[in-house]
Amino acid sequence: QVQLVESGGGLVQAGGSLRLSCAASGRTFSSHAMAWFRQAPGKERDFVASINWIGSSTTYADSVKGRFTISRDNAKSTLYLQMNSLKPEDTAVYYCAASLLEATSRYNYKYWGQGTQVTVSS
């Protein structure tokens with residue numbers, strides 16, 4: 001089992017940057033693919049980015065490609081999401097998730113963090 005805790009959210013201006021972190025506890029972090037999802041009020045929880053267990057493969061939603069970067073540090077059991085050139089449309093609660101295999105659907109992920117709020121002002 002994996003326990004996840006997100007941090008790093010906050011209020012930023014459009015065009016600004018923010019780095020989210022997801023700290024994992026448990027002995028199996030390095031065996032799991034990891035992903036970031038986001039959910040705006042009244043909307044579904046949507047895929048943002050994912051990374052395989054070793055960090056050699058990444059996948060991004062078209063809406064964030066070129067602006068966001070997902071990475072992981074298995075030695076620190078931490079997942080990151082570097083967000084640059086932020087837009088008001090990026091405003092959402094951001095969640096990290098873990099799965100045995102990399103996937104883009106939220107239904108494939110078993111373990112979830114509590115979420116961290118990101119608000120981008122215009």
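Residues numbered from 1 in each chain as written. Predicted model: local features only at pLDDT ≥ 70, side-chain atom pairs only at ≥ 80, totals over all residues. Heavy atoms only, no water.

With that settled, consider unusual backbone geometry. Of note in the backbone geometry, Ser77 takes a positive phi value of approximately 50 degrees without being a glycine. The backbone of Ser85 shows a phi angle near 50 degrees, a positive value even though the residue is not glycine. Relative to the assigned elements, Ser85 resides in the loop between strand 8 (78–83) and strand 9 (92–99). (Helix = DSSP H or I, 4+ residues; strand = E, 2+ residues; numbered from the N terminus.)

Now for the state of the cysteines. Scanning all chains against the criterion turns up one disulfide. In this model Cys22 forms its disulfide with Cys96; the gap between the sulfur atoms is 2.0 Å. Here the S-S torsion is close to 50 degrees, and the disulfide linking Cys22 with Cys96 is therefore right-handed. Residue Cys22 is located in strand 3 (residues 18–25), and its partner Cys96 is located in strand 9; the two are separated by 74 residues in the primary sequence. Side by side, Cys22 and Cys96 carry an identical accessibility label, which is buried. (Disulfide = S-S within 2.5 Å. Buried < 20%, exposed > 50% of the residue type's maximum accessible area, 1.4 Å probe, protein only.)

A few words on the pairing of strand 5 (residues 46–51). Counting buried positions along strand 5 gives five out of six residues, so the element sits mostly inside the fold. Bridging between strand 4 (residues 33–39) and strand 5 involves five bridges; their strand directions are antiparallel. Considered in strand 5, the bridge of Arg38 is made with Asp46. Hairpin remark: strand 4 followed by strand 5, antiparallel, with six residues in the connecting loop; positive phi at Gly42, about 75 degrees. In the sheet, strand 5 pairs with strand 6 (residues 58–60) via three bridges, with the strands oriented antiparallel. (Pairing = 2+ DSSP bridges.)

Attention shifts here to the side chain of Asp90. Within the element layout of this structure, Asp90 appears in the loop between strand 8 and strand 9. According to the relative accessible area criterion, Asp90 is buried, its value standing at 1%. Polar side-chain contacts of Asp90 include one of 2.9 Å to the side chain of Arg38. Non-local contacts of Asp90, meaning those with residues more than four positions away in its chain, are made with Arg38, Arg67, Phe68, Ser85, Val118 and Val120. (Polar contact = N/O pair within 3.5 Å; in protein donor to acceptor, adjacent residues only side chain to side chain. Contact = heavy atoms within 4.5 Å.)

The full count for this structure, using the stated rule, is four salt bridges. Notably, a salt bridge pairs Glu44 with Arg106, separated by 3.8 Å at the nearest N-O pair. Of this pair, Glu44 sits in the loop between strand 4 and strand 5 while Arg106 sits in the loop between strand 9 and strand 10 (111–112); the two residues are 62 residues apart in sequence, bridging distant segments of the chain. Judged by its relative accessible area of 54%, Glu44 is exposed. Salt bridges sharing partners connect three or more residues here, namely Arg38, Arg67 and Asp90. (Salt bridge = Lys/Arg side-chain N within 4 Å of Asp/Glu carboxyl O.)

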